[in-house]
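# Architecture and fold: a report
The residues making up each chain are set out below.
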Amino acid sequence: MSNPASPPAVGVLDQGPELIFPPGFLWGAATAAYQIEGAAAEGGRTPSIWDTFSHTEGRVLHGHTGDVACDHYHRLGEDVALMAELGLKSYRFSVSWSRVQPGGTGPANVAGLDFYRRLVDELLSHGIEPWLTLYHWDLPQPLEDAGGWPARDTAARFADYTALVADALGDRVRYWTTLNEPWCSAFLGYGSGVHAPGRTDGADAVRAGHHLMLGHGLAVQALRAARPQAQVGVTVNLYPVTPASDAPADVDAARRIDGLANRFFLDPLLRGAYPADLMADLRDVTDFGHVRDGDLATIASPLDLVGVNYYSRHVVAAPVAGAEPEPYWRAPSCWPGSEDVRFVTRGVPVTDMNWEIDAPGLVETLRRVHEEYTDLPLYVTENGSAFVDEVVDGRVDDVDRLAYFDAHLRAAHEAIGAGVPLAGYFAWSLMDNFEWAWGYTKRFGMIYVDYDSQTRIPKSSARWYAEVIRRNGLAAH
Ligand code: IFM
């Protein structure tokens, strides 16, 4: 484990025949509570919006739910032992709000907190730095019933919950991120409705985005008050947005989508203001009357680090009449005020999610955050790919996933060479898991999970990643 007194050195490269990362670079893997834990009704846990959503017919492919998932709740020891075998320096997990504060208000549930205490202690005893995410999409259902993230009060409830987790775990957890990918919570959850809670209202999505960020700011303040030594940040999912041509209408389409995908969050969090052009684009959706005096200062509370999740690029063009709407996060309802922008498919290789593979986009994204927004240390808190895996003679040779990681780590190294203070990288994901609306049909893990037997099989990518960690780098091509 890295010495708590000295954060990893950032931005320094040892150039040579190998691509060596800075000393202390934090190599990790990530998961999220609802995607792996299971034990949905054990130890006092009550339903979150994802329990309700996945149990609602037609919401998740094949009716899959997170009831059992990877059964990590009961297999914590085995799973941490696998992490140790890989040589992980850090493990990024999320806390289930409904497990530690059932219903989302009131006192802590000791049994729920004990699970995370055991997890953290197990990690520490293996020399693995715990990295705790407070919110990875699983709002307690009663808070949704009271209005969900479009309701301002949810932000205050999030701060209360944060204080309770900080009190219980802050003595042994150094790295904290408040939210994971607030874009998804707001725009997939309340805009297109393909994620829980499945609501479809553009104005609610915008309000949800604001209250998520307000909750983040209040949570940062709660963490600072309880644990002054904590390293605190937030994780945003970012995309380079490229116009399909240099025609002014395509360039403007890119500006609009960049506003909704990236600047909607980056600007308030790191500059304390919404971009004027974004507010103008949204004028028919909302008057931003939900933003109160002082909110933006709270949202921009100083941070210690920024987490970036990177998967792919958006290429967009001006609308054409009668164009086919695109599925999933390209669905027009994810983009209030810009519903008529077209997402363009370039014909480059894609993953099993149909997401275009674009490693240079990671360099662009990290450079942008650093050059336009902040000098803070950056961490890639998620990066990875789904591919169809086959078990042959007890092995999974996931060459495509391995190549994806390899290309993106080279990109990460290039970004450091360009001056980005990148201090760590977390592969998504440690193991195959519940991929939200896709259920168990998409596999992102470095460790294969047989959901019938709960057998774990480290894939080729896991063995390769272990070697990268051991060398703190990759062979030059
Ligand atoms: O599985 C998700 C994760 O929960 C959040 N980031 C993207 C991953 C792949 O879709």
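On a predicted model such as this, the values are computed, not experimentally measured, just so you know.

Let us look at the overall build of the protein chain. Of regular secondary structure, the protein chain possesses 15 helices and 16 strands. Relative to its length of 477 residues, the protein chain is compact, with a C-alpha radius of gyration of 21 Å against a globular reference of 23 Å. When the 477 residues of the protein chain are sorted by exposure, 61% land in the buried category. For the protein chain, contacts bridging at least 24 residues in sequence account for 78% of all contacts bridging at least 6. Of the accessible surface of the protein chain, which amounts to about 16600 Å², a share of 52% is contributed by carbon and sulfur atoms. A distance of 3 Å separates the average location of the 38 positive side-chain charges in the protein chain from that of its 62 negative side-chain charges.

A few words now on the packing of helix α9 (residues 202-226) against helix α10 (residues 248-271). Two elements in contact, α9 and α10, have axes whose closest approach is 11 Å; the angle formed by their N-to-C orientations is 30°. For the crossing formed where α9 meets α10, the hand is right-handed. Residues Val206, Gly209, His210, Met213 and His216 of α9 form the contact with α10, whose own contacting residues are Phe264, Phe265, Pro268 and Leu269.

Scanning the entire structure with this criterion turns up 43 aromatic pairs. Seen from their ring centres, phenylalanine 21 and tryptophan 27 are 4.9 Å apart, and the 70° between their planes marks the pair as edge-to-face. Tryptophan 27 carries the same exposure label as phenylalanine 21, and that label is buried. A network of ring pairs unites the aromatic residues Tyr34, Trp50, Phe53, Trp137, Phe434, Trp436, Tyr440 and Tyr451 as a single cluster. Lying across the ring of phenylalanine 115, arginine 99 places its NZ or CZ 5.8 Å from the centre. For the cation-ring pair, lysine 442 lies above tryptophan 438, with the distance from its terminal atom to the ring centre recorded as 4.6 Å.

Let's shift gears to the site of the ligand. Near the ligand you find Gln35, His136, Trp137, Asn180, Glu181, Tyr311, Trp355, Glu382, Trp428, Glu435, Trp436 and Phe444, and these make up its full shell. Between an oxygen atom of the ligand and a side-chain N or O atom of glutamate 435, the distance comes to 2.6 Å. Within the complex, 97% of the 280 Å² of free accessible area of the ligand lies under protein. At a threshold of 2 Å from the grid points, most atoms of the ligand map onto the largest cavity. Residue composition of the shell around the ligand, by class: 6 nonpolar, 3 polar and 3 charged.

Our next topic: the nonpolar core. Counting 149 residues, the largest nonpolar core has Trp50, Trp176 and Tyr465 as its most contacted members. Aside from chain neighbours lying at most four places away, what touches tryptophan 176 is Leu132, Leu134, Val165, Ala166, Leu169, Gly170, Leu223, Ala230, Gln231, Val232 and Gly233.

With that settled, consider the sheet that holds strand β11 (residues 342-343). Strand order across the open sheet formed by 3 strands is β8-β10-β11, with mixed pairing between neighbours. The open sheet is flanked by β8 (241-243) and β11, the only strands paired with a single partner. Strand direction decides the pairing type here: β8 and strand β10 (residues 314-317), joined by 3 bridges, are parallel. Residue pairing for β10: proline 243 is matched across the bridge by valine 316.

By definition, the strands of a sheet pair up through backbone hydrogen bonds, in either a parallel or an antiparallel sense. Taken together, the 8 strands give a closed barrel; going around it, the order is β3-β4-β5-β6-β7-β9-β12-β13, and neighbouring strands pair in parallel fashion. When the angles between neighbouring strand axes are averaged without regard to direction, this sheet yields 25°. Set on the sheet, α10 makes contact with β7 (231-237) and β9 (305-309); between it and β7 the angle comes to about 160°. Contacts from helix α15 (residues 460-471) reach β3 (26-30) and β13 (422-428) within the one sheet, and its direction differs from that of β3 by about 155°.

With that out of the way, let us pick up the UniProt feature "binding site: substrate" (unreviewed entry) in the protein chain. Here, UniProt's "binding site: substrate" (unreviewed entry) annotation points to Gln35, His136, Asn180, Tyr311, Trp428, Glu435 and Trp436. Put simply, the named residues that line the largest cavity are Gln35, His136, Asn180, Tyr311, Trp428, Glu435 and Trp436. If near-sequence neighbours (up to four positions away) are discounted, glutamate 435 is found in contact with Gln35, Tyr328, Met353, Lys442 and Phe444. The topology assignment puts tryptophan 436 in the loop between β13 and β14 (447-450). Setting aside residues up to four positions removed in sequence, tryptophan 436 forms contacts with Tyr34, Gln35, Trp50, Val60, His136, Trp137 and His195.

Turning next to the pattern of salt bridges. In this structure the tally under the stated criterion is 39 salt bridges. Taking the shortest distance from any N to any O, the salt bridge between arginine 256 and aspartate 281 comes out at 3.9 Å. With arginine 256 in helix α10 and aspartate 281 in helix α11 (residues 276-281), this pair connects stretches of sequence that are 25 residues apart. We note a salt bridge from aspartate 358 to arginine 313, for which the minimum N-O separation is 2.5 Å. Of this pair, aspartate 358 sits in the loop between β11 and α13 (360-373) while arginine 313 sits in the loop between β9 and β10; the two residues are 45 residues apart in sequence, bridging distant segments of the chain.

Looking now at unusual backbone geometry. In this structure, proline 197 follows alanine 196 across a cis peptide bond, with omega equal to 10°. Tracing the chain through its elements places proline 197 in the loop between α8 (182-192) and α9. For the bond running from tryptophan 428 to serine 429, omega is 10°, close enough to zero to count as cis. For serine 429, the position within the fold is in the loop between β13 and β14.

Criteria and thresholds
The residue numbers shown here count from 1 along each chain, following its written sequence. Thresholds applied to this predicted model are a pLDDT of at least 70 for local features of residues and 80 or more for the giving and counting of side-chain atom pairs; totals over whole chains, interfaces and linings are not thresholded and use all residues. To get the side-chain values, take all heavy atoms of the structure and skip hydrogens and water. The helix and strand labels rest on DSSP assignments: H or I over at least four residues marks a helix, E over at least two residues marks a strand, and numbering proceeds from the N terminus. We compute the radius of gyration from the C-alpha atoms alone; for a globule the expected value is 2.2 Å times N to the 0.38, where N is the number of residues. Summary of the burial criterion: residues with accessible area below 20% of their type's maximum are buried, those above 50% are exposed, and those between are partly exposed, where the area comes from a 1.4 Å probe applied to protein chains only. Should any heavy atoms of two residues lie within 4.5 Å, those residues are counted as being in contact. Throughout, the Shrake-Rupley method with a 1.4 Å probe supplies accessible areas, and for residues the shown protein chains are the sole cover considered. In this tally, Asp and Glu contribute negative charge and Lys and Arg positive charge; neither His nor the terminal groups of the chain are included. In plain terms, the charge of a residue is placed at NZ if it is Lys, CZ if Arg, CG if Asp and CD if Glu. Orientation is described by axes fitted as lines to C-alpha atoms, over the contacting stretch for helices, and by angles from 0 to 180 degrees between their N-to-C directions. Handedness of each helix crossing follows the sense of rotation of the near helix against the far helix: counterclockwise by less than a right angle gives left-handed, clockwise gives right-handed. Between rings of Phe, Tyr and Trp, where Trp is taken as its six-membered ring, a pair exists when centres lie within 6.5 Å; planes separated by under 30 degrees are stacked, by over 60 edge-to-face, and by other angles tilted. For a Lys NZ or an Arg CZ to count as sitting over a ring, it must be within 6 Å of the ring centre and within 35 degrees of the ring normal. The nearness test applies per residue and asks whether one of its heavy atoms lies within 4 Å of the molecule or strand. Polar contact is defined as a pair of N or O atoms within 3.5 Å, subject to the rule that within protein one atom must be able to donate a hydrogen and the other to accept it, and that residues adjacent in sequence are counted only when both atoms are side-chain atoms. The method works on a 1 Å grid over the protein atoms by themselves. A cavity is a set of points holding a 1.4 Å probe that cannot get out, a pocket is an open set with protein on both sides within 12 Å along at least five of seven lines, and residues with an atom within 4 Å of a point line them. In this description, a molecule resides in a pocket or cavity if more than half of its atoms sit within 2 Å of the grid points defining it. Put simply, Ala, Val, Leu, Ile, Met, Phe, Trp, Tyr, Cys and Pro go in the nonpolar bin, Asp, Glu, Lys and Arg in the charged bin, and everything else, Gly too, in the polar bin. In this description, a nonpolar core means a group of buried Ala, Val, Leu, Ile, Met, Phe, Trp, Tyr and Cys residues linked to one another through side-chain atoms lying within 4.5 Å. We treat two strands as partners when DSSP finds at least two bridges between them. UniProt positions are given in the numbering used here, feature names are shortened, and annotations may be inferred rather than shown by experiment. Definition used for salt bridges: Asp or Glu carboxyl oxygen within 4 Å of a side-chain nitrogen of Lys or Arg.

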